[in-house]
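Per-entry structural report
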Amino acid sequence: MEHLMNPLDLSVEEMDKMFDLATDIEHNPEKYRHICDGKRIATCFYEPSTRTRLSFESAMLNLGGQVIGFPDGGVSSAAKGESVADTIRVVSCFADICAMRHPKEGAPYVAAEHSSIPVINAGDGGHQHPTQTLTDLLTIRSMQGRLDNFTIGVCGDLKFGRTTHSLVNALARYEGVKFIFISPPELRIPDYITEMLETKGIEFSEVIRLEDRISELDVLYMTRVQRERFFNEDDYVRLKDFYILTTEKLKSAKESMLILHPLPRVNEIAVDVDSDPRAAYFKQVQYGVYVRMALILTLLGLAPEV
Ligand code: CP
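So, a few notes on the structure that sits alongside this text. (Residues numbered from 1 in each chain as written. Predicted model: local features only at pLDDT ≥ 70, side-chain atom pairs only at ≥ 80, totals over all residues. Heavy atoms only, no water.)

**Thoughts on the pairing of strand E2 (residues 66-70)**
- By the bridge criterion, five bridges tie strand E1 (residues 40-45) to E2 in an arrangement that is parallel. For Ala42, the partnering residue across the bridge sits in E2 and is Ile68.
- Since E1 and E2 lie parallel, the crossover through helix H2 (residues 51-62) that links them has a hand, and here it is right-handed. (Pairing = 2+ DSSP bridges. Helix = DSSP H or I, 4+ residues; strand = E, 2+ residues; numbered from the N terminus. Right-handed = clockwise from strand over helix to strand, strands pointing away.)

Put into structure tokens, the structure is as follows:
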């Protein structure tokens, strides 16, 4: 693998190897402290981010490397009209690896085509967010002990939420994973995803009310309504608070259920849920650093056998 654009760029075996490496990093951070001495990551973010950008930067710093980049296309020469293709050619002269986020679907793919260094898609429009998926899967594997034979409820904006598209594609390759998609009709999971599940014979259902199915779930993956992808503010206002997970609703959920969220959260999880032992969304952020460390090492050809 030269670049990472989509979680499916990694085979299940490669993903499992990456998770083994991430777990070794979690337990033996000292071993990795200087492995990227002299290496640089460029974080080229054309769209806002807190976690993904800082997680990539922390990952490289934890490995002994350095960080350059921009947090906003408006402060780069994109504001003067420079193309993504030209930008990556330039960034390739300064860094060894690049993580790119862009509001336009496919922009990191264009960058990868013109790059002489590995490019990681750090989120492209409403399309894919592969490193969030690596984060989500590592969290489930670490906290639940397996990535097969469980039921996951994916709730919220399933139309525009790129994290859910990447997550379902990746989990559909594991044995016995059942999906319950919970969304208002306007924000349904795209047909190309349900068609893929049908083709593979994977069990899924689509419902509107979270309360109707919460008791069946081993993992509840909450998502935010993606204001920035709506064409119409009225629709956003109408749908933004469609789901609010509360301690009351959690009473009928399994004691062992994991609550995940890619974050940022707006209103969809009440703040008092944070102290529930099932709330794993801040631990999920920490797993994101370990898995991005593992990914950087893998793409730079520096990953040791673990
Ligand atoms: N989960 C996620 O992508 O968060 P940021 O938008 O803050 O990077």
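**A word on the packing of aromatic side chains**
- The full count for this structure, using the stated rule, is six aromatic pairs.
- Look at Phe181 and Phe204: their rings are 6.1 Å apart centre to centre, the planes differ by 50°, and that puts the pair in the tilted class. Of the two residues, Phe181 sits in strand E6 (residues 177-182) while Phe204 sits in strand E7 (residues 204-207), which places them 23 residues apart along the sequence.
- Residue Phe181 is classed as buried on the basis of its relative accessible area of 1%. (Phe/Tyr/Trp six-rings, centres within 6.5 Å; stacked < 30°, edge-to-face > 60°. Buried < 20%, exposed > 50% of the residue type's maximum accessible area, 1.4 Å probe, protein only.)

**Comments concerning the site of the ligand**
- Surveying the vicinity of the ligand reveals the residues Ser49, Thr50, Arg51, Thr52, Arg101, His129, Gln132, Pro262 and Leu263.
- Contact distances for the ligand include 2.9 Å between an oxygen atom and a side-chain N or O atom of Arg101.
- One of the side-chain N or O atoms of Gln132 is found 3.0 Å from a nitrogen atom in the ligand.
- Taken together, the residues that form the shell around the ligand break down as two nonpolar, five polar and two charged.
- Two domains each put at least three residues into the shell around the ligand: domain 1 (7-128 + 285-299) and domain 2 (130-284). (Near = heavy atom within 4 Å. Polar contact = N/O pair within 3.5 Å; in protein donor to acceptor, adjacent residues only side chain to side chain. Nonpolar A, V, L, I, M, F, W, Y, C, P; charged D, E, K, R; others polar. Domains from an automatic or database assignment.)

**Section: the packing of H2 against helix H10 (residues 281-299)**
- Where H2 meets H10, the closest approach of the two axes is 8 Å, and the angle between their N-to-C directions is 55°. In terms of their interaxial angle, H2 and H10 are classed as oblique. Crossing hand, H2 versus H10: right-handed. Contacts from Arg51, Thr52, Ser55, Phe56, Ser58, Ala59, Met60 and Asn62 in H2 reach Val285, Gly288, Val289, Arg292, Met293 and Ile296 in H10.
- Here the residues of the contact of H2 with H10 are counted per class, giving seven nonpolar, five polar and two charged. (Axes fitted to C-alpha atoms, helices over the stretch in contact; angles between N-to-C directions. Parallel < 35°, antiparallel > 145°, perpendicular 65-115°, else oblique. Left-handed = near helix turned anticlockwise from the far one by under 90°. Contact = heavy atoms within 4.5 Å.)

**A word on the pairing of E6**
- Across the six residues that make up E6, a large majority, five, are buried.
- Summarising the sheet, strand E5 (residues 150-155) and E6 pair through six bridges and their orientation is parallel. Considered in E6, the bridge of Phe150 is made with Val177.
- Considered for its hand, the β-α-β crossover made up of E5, helix H6 (residues 162-171) and E6 is right-handed.
- Across four bridges, E6 lies against E7 in parallel orientation. Paired with Phe179 across the bridge in E7 is Phe204.
- Note on the crossover from E6 through helix H7 (residues 191-200) to E7: the handedness is right-handed.

**A look at the nonpolar core**
- One finds Phe19, Leu137, Ile152, Leu171, Tyr174, Phe179 and Leu197 to be the most contacted residues of the largest nonpolar core, which totals 59 residues.
- Sort the elements by how many residues they give to this core and H10 lands first, with 10 residues.
- In terms of domain composition, this core takes at least three residues from each of domain 1 (7-128 + 285-299) and domain 2 (130-284).
- Ile214, Tyr243, Ala253 and Tyr281 belong to the second largest nonpolar core, which has 20 residues in total. (Core = buried A, V, L, I, M, F, W, Y, C linked by side-chain atoms within 4.5 Å.)

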